[in-house]
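Observations on the three-dimensional arrangement
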2 protein chains.
Amino acid sequence: MEELRRRILEAGRVESDLVIVDSFLNHRTDPALMSNVGEWLAERLGDFDLVLTAEASGIPAAFSTARAAGVDFIYAKKQNRQLDPDLHFIRQVSSPTKGGKTWITIRKELLGVGRDIVVVDDFLSRGRTAEALGEMIEESGNRLAGFGFVIEKTFTGGRSLLEKHGWKIESAAIIESIESGRIAIA
Amino acid sequence: MEELRRRILEAGRVESDLVIVDSFLNHRTDPALMSNVGEWLAERLGDFDLVLTAEASGIPAAFSTARAAGVDFIYAKKQNRQLDPDLHFIRQVSSPTKGGKTWITIRKELLGVGRDIVVVDDFLSRGRTAEALGEMIEESGNRLAGFGFVIEKTFTGGRSLLEKHGWKIESAAIIESIESGRIAIA
């Protein structure tokens, strides 16, 4: 994923502890680059039946990974109100970028049971959304087959949070530090 | 787009005047179907430099259309607060599915100037979001080269709202009526 690393270093902007890559990933998106990332993640994650992500910024990576593997993807919806828990899997998470709390929901019927599902997202940072998606898969009677991220930040605790569950993680690019506004990539 | 019409009739659910296609389009998504829709829309829309949509449900169609044309796409963000108008194009719209008002925003620097831009979205219904995106393109000093929709409902006023501006519209599937819970496709 040399091209992805190059793009992060060229176009990434640092705002406090956030890396903003909105010129090719999560506001303006380069579909050719994302297709390459999706192929890379699909190969690393092995066999799976479905991809799960959360709206909105996870959708391009989930689309690309699912397309490469020939399977569907689901994007969990973010709601400002709680839906019927008989019909939906629901978790409450806080958003570090937008602020406030939100409910992430998946309509149960769409997820099915007994499948191997991977979670794909644009960023692994604190890992709260990823953990919630992983728990929803396990609650649903499906198997969590791993996590794939476009960019992982190693210094914000996300990997250790997910590894406590025994979950497998693949990241196409790894940011090891941000010091004085400079991004260091593994 | 015979396959798309068949999927709408097989899997679409009617809830009052809404057609819910969340099993293959806008909650669970079939990337192979969406790639076909994107190729169809890209061919119909002709030459363009960039695709614009709004998060989150427009992203799969925008991704596919942009990928087919070899260009980037931008998804306008939905915010619950107003951003700095010096840095962002901003419109306030109401959401018929989620309720309430929201600000849709595009960071100005990402849009550039002097390009041919198409707007792509999952549904043309009342057309308010599409109109807002079209106005933002014209405000930005770019040219609006047309609209592409996965599904158009002809009985909710969206087409006439956009045609008042003289804008061109392509839709991969057209729903002409919903009567007694039955969907009729053109």
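On a predicted model such as this, the values are computed, not experimentally measured, just so you know.

Overview of the overall build of chain A
Helices and strands together make up the secondary structure of chain A, namely six helices and 11 strands. Here chain A has a C-alpha radius of gyration of 16 Å; the compact-globule value for 186 residues is 16 Å, and the two agree. Overall, the C-alpha framework of chain A stretches about 50 × 35 × 30 Å when taken along its three principal axes. Expressed as a percentage of its 186 residues, the buried residues of chain A come to 54%.

A look at the interface of chain A and chain B
How big an interface is tends to be stated in terms of accessible area lost as the parts join. With 38 residues of chain A in contact, the opposing surface of chain B contributes 38 residues. Taking both sides of the interface into account, the surface hidden between chain A and chain B amounts to around 3300 Å²; carbon and sulfur atoms contribute 51%. Seen at the junction of chain A and chain B, the total is four salt bridges. Residues Arg28 of chain A and Asp72 of chain B are paired through a salt bridge, measuring 2.9 Å at the closest nitrogen-oxygen approach.

Examining the packing of helix H2 (residues 31-45) of chain A against helix H3 (residues 59-69) of chain A
All names here are of chain A. The interhelical angle for the contact between H2 and H3, taken along N-to-C directions, is 60°, at an axis separation of 7 Å. Relative to H3, H2 is oriented oblique. Both H2 and H3 take part in a crossing whose hand is right-handed. Each of Met34, Ser35, Gly38, Glu39, Leu41 and Ala42 in H2 lies in contact with H3, whose residues at this interface are Pro60, Ala61, Ser64, Thr65, Ala68 and Ala69.

Side note on the relation of the copies chain A and chain B
Laying chain A over chain B is done by rotating through 180° and shifting 0.0 Å along the axis; what remains is an RMSD of 0.0 Å. Taken together, the rotation angle and the small translation identify this as a two-fold axis. Taking C-alpha positions as reference, the residue of chain A nearest the rotation axis is Ala56 of chain A, located at 2.5 Å. Looking at chain A, 100% of its interface residues are interface residues in chain B too, so the copies touch through the same face.

Remarks on the packing of aromatic side chains
On inspection of all chains with the given rule, the structure shows nine aromatic pairs over all chains. The interplanar angle of 40° and the centroid separation of 5.3 Å between the aromatic rings of Phe147 of chain B and Trp167 of chain B together place this pair among those described as tilted. Taken together, the residues span a long stretch of sequence, with Phe147 of chain B in strand S9 (residues 143-153) and Trp167 of chain B in the loop between helix H6 (158-163) and strand S10 (169-179) at a distance of 20 residues. A relative accessible area of 7% places Trp167 of chain B in the buried class. Within the aromatic cluster, the residues linked to one another by ring pairs are Phe63, Phe73 and Tyr75 of chain A together with Phe63, Phe73 and Tyr75 of chain B. A cation over an aromatic ring shows up here: Lys108 of chain A above the ring of Phe89 of chain A, its NZ or CZ 5.1 Å from the ring centre.

Points about the side chain of Thr102 of chain B
Residues and elements named next belong to chain B. Here Thr102 is to be found in strand S7 (residues 101-107). A relative accessible area of 16% places Thr102 in the buried class. At 3.1 Å, the side chain of Thr102 forms a polar contact with the backbone oxygen of Gln79. For Thr102, the contacting residues outside a window of four places in its chain are Lys78, Gln79, Arg91, Gln92 and Val93.

Quick look at helix H5 (residues 128-139) of chain A
Residues and elements named next belong to chain A. For H5, spanning 12 residues, the distance from its first C-alpha to its last is 16 Å, which sits close to the expected 16 Å at 1.5 Å a residue. Within the span of H5, buried status applies to Ala130, Glu131, Ala132, Leu133, Gly134, Met136 and Ile137. Residue Gly141 follows H5 closely and has a positive phi angle near 85°.

Brief notes about unusual backbone geometry
At the junction of Glu55 of chain A and Ala56 of chain A, the peptide bond is cis and its omega measures out at -10° in the coordinates. Of note, Ala56 of chain A is situated in the loop between strand S4 (50-54) and H3. A positive phi angle, near 50°, is found at Ser16 of chain B, a position not held by glycine. Here Ser16 of chain B shows up in the loop between strand S1 (13-15) and strand S2 (18-20). Although it is not a glycine, Ser180 of chain B sits at a positive phi angle of roughly 50°. For Ser180 of chain B, the location among the structural elements is in the loop between S10 and strand S11 (182-185).

Some remarks on the nonpolar core
Leu4 and Val51 of chain A together with Leu4 and Val51 of chain B are the most contacted members of the largest nonpolar core, which has 66 residues in total. Leaving out residues up to four positions away in the same chain, Val51 of chain A has contacts with Ala62, Thr65, Ala66, Val71, Asp72, Phe73, Ile74, Val118 and Val120 of chain A.

Some words on the pattern of salt bridges
Per the counting criterion, the structure on display carries 30 salt bridges over all chains. One salt bridge in this structure joins Arg7 of chain A and Glu3 of chain A, with 3.7 Å as the shortest N-O distance. Residue Arg7 of chain A and its partner Glu3 of chain A are located together in helix H1 (residues 2-11), separated by four residues, close to a single helical turn. Through salt bridges that share partners, Arg13, Glu15 and Asp22 of chain A together with Arg107 and Glu109 of chain B make up one connected network.

With respect to the confidence of the model for chain A
Per-residue pLDDT for chain A has a mean of 95; in total, 98% of the residues score no lower than 70. Reported confidence for the predicted complex is 0.96 by ipTM and 0.97 by pTM.

Regarding the pairing of strand S10 (residues 169-179) of chain A
Residue and element names in this part refer to chain A. Counted residue by residue, S10 has eight buried out of 11 residues, so it is predominantly covered. Relative to S10, strand S9 (residues 143-153) runs parallel, the two being bridged by six bridges. Paired with Gly148 across the bridge in S10 is Glu170. Both S10 and strand S11 (residues 182-185) contribute to a ladder of four bridges, which runs antiparallel. The residue bridging Ile178 from the neighbouring strand is Ile183, located in S11. In this structure, the hairpin formed by S10 and S11 is closed by a connection of two residues, where Ser180 is found at a positive phi of approximately 55°.

Calculation rules
Residues numbered from 1 in each chain as written. Chains lettered and ligands numbered in written order. Predicted model: local features only at pLDDT ≥ 70, side-chain atom pairs only at ≥ 80, totals over all residues. Heavy atoms only, no water. Helix = DSSP H or I, 4+ residues; strand = E, 2+ residues; numbered from the N terminus. Rg over C-alpha atoms; globule rule 2.2 N^0.38 Å. Buried < 20%, exposed > 50% of the residue type's maximum accessible area, 1.4 Å probe, protein only. Contact = heavy atoms within 4.5 Å. Buried area = accessible area lost by both parts, 1.4 Å probe. Salt bridge = Lys/Arg side-chain N within 4 Å of Asp/Glu carboxyl O. Axes fitted to C-alpha atoms, helices over the stretch in contact; angles between N-to-C directions. Parallel < 35°, antiparallel > 145°, perpendicular 65-115°, else oblique. Left-handed = near helix turned anticlockwise from the far one by under 90°. Least-squares fit on C-alpha atoms with pLDDT ≥ 70 in both. Phe/Tyr/Trp six-rings, centres within 6.5 Å; stacked < 30°, edge-to-face > 60°. Lys NZ or Arg CZ within 6 Å of the ring centre and 35° of its normal. Polar contact = N/O pair within 3.5 Å; in protein donor to acceptor, adjacent residues only side chain to side chain. Expected span 1.5 Å × (residues − 1). Core = buried A, V, L, I, M, F, W, Y, C linked by side-chain atoms within 4.5 Å. pLDDT = per-residue confidence, 0-100. Pairing = 2+ DSSP bridges.

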